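Listed below, chain by chain, are the residues.
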Amino acid sequence: MSIVMANGLQLAYEIHGDNGGRPLLLIGGLGQQRAGWHPDLLVALARRGYRVIVFDNRDVGESTHLDALGQPDLAAILAGRFEHAPYTLADLAEDALGLLDALRIESAHLVGQSMGGMIAQVAALRQPGRVRSLTSLMSHPGDHRVQPRPEALGLFMRPAPESLEESLLAAQEAQRVLGSPEFPSDEAWLAQRTRIYWERRSDPNGLLRQAAALLSAPDRTADLATLTTPTLVVHGGADPLVPVLGGRLTAAAIPAAELFEIDGMGHDLPRPVWDRLLDKLEDVVDRGEAGRASLAAAS
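Residues numbered from 1 in each chain as written. Predicted model: local features only at pLDDT ≥ 70, side-chain atom pairs only at ≥ 80, totals over all residues. Heavy atoms only, no water.

A closer look at the packing of helix 6 (residues 164-178) against helix 7 (residues 187-199)
For clarity, the threshold we go by: Lines fitted to C-alpha atoms define the axes here, with helix axes fitted over just the stretch in contact, and angles between the N-to-C directions of these axes take values from 0 to 180 degrees. Strands are runs of DSSP state E lasting at least two residues, helices are runs of H or I lasting at least four, and both sets are numbered from the N terminus onward. Just so you know how the angles are binned, under 35 degrees is roughly parallel, over 145 roughly antiparallel, 65 to 115 roughly perpendicular, and the rest oblique. Crossing chirality is assigned from the near helix's rotation relative to the far helix, an anticlockwise turn below a right angle marking it left-handed and a clockwise turn marking it right-handed. Contacts were defined at the residue level, with two residues in contact if any of their heavy atoms lie within 4.5 Å. Just so you know the grouping, Ala, Val, Leu, Ile, Met, Phe, Trp, Tyr, Cys and Pro go in nonpolar, Asp, Glu, Lys and Arg go in charged, and all remaining residues, Gly too, go in polar.
Where helix 6 meets helix 7, the closest approach of the two axes is 10 Å, and the angle between their N-to-C directions is 135°. Between helix 6 and helix 7, the angle is such that the two are oblique. Crossing of helix 6 over helix 7 shows right-handed handedness. In contact with Leu164, Ser167, Leu168, Ala171, Gln172 and Gln175 of helix 6, helix 7 contributes Leu190, Ala191, Thr194, Arg195 and Trp198. Class assignment of the residues belonging to the contact of helix 6 with helix 7 gives a composition of six nonpolar, four polar and one charged.

Take a look at the structure:
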């Protein structure tokens with residue numbers, strides 16, 4: 001693990017794969033630490049020739065926690081008073097781009113999961129020249145018709161765990177509700193990830209501040225229609241937190257997007273889908289590299 005200053009914050013990150021590999025920045029979702037990416041998936045990506053960068057967003061893990069901002073007023077934000085959000089998705093996108101700056105990476109392929117997909121979308125809109133390709137996993141374009149199912153929403157209504165044991169039980173329940181009904185879950189990794197999250201600082205208020213950024217974000221549909229970045233949109237047909245409508249709306253909004261729906265997948269990335277997912281990722285990365293080569297030749 002290393003720390004860099006980016007966008008005025010300390011961001012904790014790791015790099016997997018050869019320095020000469022195609023740069024691939026993975027952006028985590030709500031409350032997701034860099035340990036939320038399965039280590040075997042990172043190995044598989046590195047073997048395919050990527051230089052894989054994972055990091056903790058602000059307010060999670062070993063990156064800066066903005067404790068002075070306190071607990072946001074989510075009720076006010078849900079009522080439309082977005083000025084109560086401590087920061088925005090655009091701020092989170094600038095963190096990710098600032099990490100690339102700190103690592104002296106001019107441009108990269110971006111893969112964002114859930115809220116991370118939204119952050120990646122915003123980054124591509126703000127600085128399209130720095131995003132070689134965009135992969136949006138289990139995300140949506142900010143269209144408020146995309147709503148979680150009641151059982152998924154209920155997970156966020158529960159008190160925050162106060163011990164590792166409570167955290168393990170909460171993670172098991174979240175996996176039961178959000179996981180892929182037609183694929184086995186990796187219970188050993190789930191427990192390991194939960195322990196790492198706890199040891200690297202579980203921060204309920206930090207998660208709420210991230211949620212405030214998500215809830216206060218405007219609909220990006222019209223802006224995404226201007227995006228020419230090669231894009232892959234991946235969504236599970238059984239996702240209860242961000243129903244598959246979110247992926248379909250994202251793909252419909254972006255002219256250069258390909259939609260890849262996976263039957264039986266929930267709000268996670270089960271091992272049996274990895275090979276298909278990485279094949280699709282390779283396709284969109286190749287498109288991004290070809291477009292970059294064309295621009296270089298034209299200049």
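Having seen the structure, we can now continue with the description.
Here we look at the nonpolar core
Keep this limit in mind: Here, nonpolar core refers to any group of buried Ala, Val, Leu, Ile, Met, Phe, Trp, Tyr and Cys residues whose side-chain atoms link them within 4.5 Å. Between buried and exposed lies partly exposed: a residue is buried under 20% and exposed over 50% of the maximum accessible area for its type, with that area taken using a 1.4 Å probe on protein chains only.
Core analysis: the largest hydrophobic core is formed by 37 residues, its most contacted members being Leu25, Ile27, Phe55, Leu89, Leu99 and Leu110. Sorting the residues of this core by element identifies strand 1 (2-6), strand 2 (9-16), strand 3 (22-27), strand 4 (50-55), helix 3 (89-102), strand 5 (108-113), helix 4 (115-126) and strand 6 (131-137) as the ones contributing at least two each. In this view, Ile27 contacts Trp37, Phe55, Asn57, Ala96, Leu110, Val111, Gly112, Gln113, Gly116, Ile119 and Ala120; residues no more than four positions away in its chain are not counted. Counting 26 residues, the second-largest nonpolar core is a separate cluster that includes Trp37, Met138, Val273 and Leu277.

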